[in-house]
Amino acid sequence: MKTTLLILLAAWMATPTTFAQRPDRDHRRNPNRERREPRDDRRPKGGQRYSIEQAVSDRGQLHTIAFSGVAFLTGDFGASTFIPPGKVCDYFGFQYMRDIDAAEKGHNPMFLNRVAGNVLHILNEEQKKRFADLAEEQAPQLEELARMRLPLIKAFHIERDRDEPGLSKEAVVTAVADIFEKDAALSIRRAEVMAQVHASLDDDQQAYLGKMKFGDFNSWPAIDERDKLRRGRGRSKLFNVAYMTYASEFFSWTAGNVEADTYFCPERHGTYFGGFYMKDMPAMGKRDFDISTSVTGESGRILVEELLEPEQAAHITAIPDLQRKLLMETIDVRRAFSTELRRFLDGKTPDRKRLLALGRRYGELDGEMSWLYTTAFARVNRTLTDKQRAELVKLRNLPGYKSAPYYIYSRGQEDQPELGDVKGKFFK
């Protein structure tokens, strides 16, 4: 069970993304500690060449959004609720670190296992207990965060299947703002504890971690300490997920910098349409599986260039123009949030009120973009022919897979969720 859980966790976090040039390091240290030489700052040879410009380019955005369209038009409510835990509270540079990995192992379950294994190997019991205590504190909060998404996703599916549009943009923006504000609160607490652990590292621990290069899997000792999951016995599965997440992100955050933390991929936004389910399911439960980095772009391209008629595709191809201002602001918001959060690593106290406001604004931006996606996909759905629907199912390429009624991150649930009055909340 422990082995399976860690494999699943690694697969959840190893979904393809895009991003930026390797930034210069901006190490933060305990001001009372003697300053060490910064770690090797050079971009590892062989790492994938992505850029922030590529991530927010019209082409990159269009094909990623269209991929979500394929998932949404062919999937169900359960599949749309599936999301890797690494796509929440994601201000700690982990996704950037795996995207530029020199060994190109960033999208393999082995990646998380190894970085977390090394961190757990070198931390002492008191330091690991800080992570365990935080996981116990945040596991129910993380579940609550996942459940906050469910009524919103249900509303999106109602809009998809309606004969006429009626989804309220204002209601969507407010709901997503609530989600991201809670995400920000969890991130603040996570950063606080990780900074405490970082400040407590002794010279030997610093030296060990200093030999591990950011973005170079091959520089990390082949350590996979799965027995560290013993801390989760008798606790929820989300406890174990959180504990291992802290271990992996501790390294990426303290070895990276604000630009790595600012990193976001197109898939960080509009996460309510089932794209993660469609892409990640073949990797679930597998120990060594490289998720394709091209499946998103290629599937999206086929949808808008080959499968849909031009007038249908126009609903989706119009989105990059419509969201451009929103997308550009997300960069500014994430950078401001990440910069403020790193004050913890300087031994200072960030402005919590400002961070929560930034988190909420981030959610407003994500909510408006998600409303654009939903309404465009719904317009396409109302015009699809039987032949196009059959072709979409082939493009989905998940024969034999059946989703759970809903997911808490990637853990299927068999009951029916309590969603409240979704139509009354989200429709005019």
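See the structure above.
In this report, we go over the structure that sits alongside the text. These numbers were taken from a predicted model, which means no experiment stands behind them. (Residues numbered from 1 in each chain as written. Predicted model: local features only at pLDDT ≥ 70, side-chain atom pairs only at ≥ 80, totals over all residues. Heavy atoms only, no water.)

**Here's the deal with unusual backbone geometry**
Across residues other than glycine, the phi torsion is negative in most instances, and most of the peptide bonds are trans.
Turning to step 1, where the next piece is worked out: With a phi close to 50 degrees, C89 is a non-glycine residue in the positive phi region.
Turning to step 2, where the next piece is worked out: Structurally, C89 is set in the loop between α4 (77-80) and α5 (94-99).
Turning to step 3, where the next piece is worked out: Relative accessible area serves as the criterion here: at 0%, C89 is assigned to the buried category.
Turning to step 4, where the next piece is worked out: Located in the positive-phi region is E104, a residue other than glycine, with phi close to 55 degrees.
Turning to step 5, where the next piece is worked out: Locating E104 in the fold gives a position in the loop between α5 and α6 (109-122). (Helix = DSSP H or I, 4+ residues; strand = E, 2+ residues; numbered from the N terminus. Buried < 20%, exposed > 50% of the residue type's maximum accessible area, 1.4 Å probe, protein only.)

**Observations regarding the packing of aromatic side chains**
Turning to step 1, where the next piece is worked out: Using the criterion set out here, one finds 24 aromatic pairs in the structure.
Turning to step 2, where the next piece is worked out: Between F156 and Y272, the ring centres sit 5.9 Å apart and the planes meet at 75 degrees, which makes this aromatic pair edge-to-face. In this pair, F156 is assigned in helix α7 (residues 125-161) and Y272 in the loop between α11 (258-262) and α12 (275-280), connecting sequence segments 116 residues apart. For the pair F156 and Y272, a shared accessibility class is recorded, and that class is buried.
Turning to step 3, where the next piece is worked out: Here the aromatic residues F72, F156, Y272, F273, Y373 and F377 are joined through ring pairs into a cluster of three or more. (Phe/Tyr/Trp six-rings, centres within 6.5 Å; stacked < 30°, edge-to-face > 60°.)

**With respect to the packing of helix α13 (residues 295-307) against helix α17 (residues 386-396)**
Turning to step 1, where the next piece is worked out: In contact at an axis separation of 11 Å, α13 and α17 are set at 160 degrees when each is read in the N-to-C sense. Taken as axis vectors, α13 and α17 run roughly antiparallel relative to one another. α13 and α17 meet at a crossing whose hand is right-handed. Mapping the contact onto sequence places S299, I302, L303 and L307 in α13 and Q388, E391, L392 and L395 in α17.
Turning to step 2, where the next piece is worked out: Here the residues of the contact of α13 with α17 sort into five nonpolar, two polar and one charged. (Axes fitted to C-alpha atoms, helices over the stretch in contact; angles between N-to-C directions. Parallel < 35°, antiparallel > 145°, perpendicular 65-115°, else oblique. Left-handed = near helix turned anticlockwise from the far one by under 90°. Contact = heavy atoms within 4.5 Å. Nonpolar A, V, L, I, M, F, W, Y, C, P; charged D, E, K, R; others polar.)

**As for the environment of F131**
Turning to step 1, where the next piece is worked out: With respect to the helices and strands, the residue F131 is situated in helix α7.
Turning to step 2, where the next piece is worked out: Owing to a relative accessible area of 0%, F131 belongs among the buried residues under this scheme.
Turning to step 3, where the next piece is worked out: Sequence separation between F131 and M244 is 113 residues, and the spatial gap between their C-alpha atoms is 8.8 Å.
Turning to step 4, where the next piece is worked out: Every residue in contact with F131, bar those within four places of it in the chain, is listed here: L123, V193, M194, V197, Y243, Y246, A247 and F250.

**Some details on the pattern of salt bridges**
Turning to step 1, where the next piece is worked out: Counted according to the given criterion, the structure contains 27 salt bridges.
Turning to step 2, where the next piece is worked out: In this structure, D133 and K129 form a salt bridge, with 2.8 Å as the shortest nitrogen-oxygen distance. Of the two residues, D133 and K129 are both situated in helix α7; the distance of four residues between them amounts to about one turn of the helix.
Turning to step 3, where the next piece is worked out: Given the relative accessible area of 45%, K129 is considered partly exposed. (Salt bridge = Lys/Arg side-chain N within 4 Å of Asp/Glu carboxyl O.)

**Considering helix α14 (residues 310-317)**
Turning to step 1, where the next piece is worked out: If you check which residues of α14 are buried, you get Q312, A313 and I316. Taken around the axis of α14, the buried residues stretch over an arc of 90 degrees, which confines them to a single face. Turned more than 90 degrees off the buried face of α14, the exposed positions are P310 and E311.
Turning to step 2, where the next piece is worked out: Its buried side turned inward, α14 meets α3 (58-74), α13, α15 (319-341), α16 (352-381) and α17. (Arc of directions from axis to C-beta.)

**Some details on empty space enclosed by the protein**
Turning to step 1, where the next piece is worked out: If you walk through the whole model with that rule in mind, you get six cavities of 30 Å³ or more.
Turning to step 2, where the next piece is worked out: Considered as a void within the structure, the largest cavity measures approximately 130 Å³ in volume.
Turning to step 3, where the next piece is worked out: Forming the walls of the largest cavity are 16 residues, and the residues nearest its centre are S68, E267, H269, G270 and G275.
Turning to step 4, where the next piece is worked out: Contributions of two or more residues to the lining of the largest cavity are made by α3 and α12.
Turning to step 5, where the next piece is worked out: At four residues, the largest contribution of residues to the lining of the largest cavity is made by α3.
Turning to step 6, where the next piece is worked out: When its residues are assigned to classes, the lining of the largest cavity shows seven nonpolar, seven polar and two charged.
Turning to step 7, where the next piece is worked out: Put simply, the second largest cavity is a space of about 80 Å³.
Turning to step 8, where the next piece is worked out: Taken together, I83, K87, V88, L145, R149, I179, F180, D183, R268, T271 and Y272 make up the lining of the second largest cavity.
Turning to step 9, where the next piece is worked out: For the lining of the second largest cavity, the elements supplying multiple residues, two or more each, are α7 and α8 (169-199).
Turning to step 10, where the next piece is worked out: The element best represented in the lining of the second largest cavity is α8, accounting for three residues. (1 Å grid on protein atoms, 1.4 Å probe; cavity = no way out; pocket = protein on both sides within 12 Å on 5 of 7 lines; lining within 4 Å. Points joined across faces, edges and corners; volume = space filled by probe spheres on them.)

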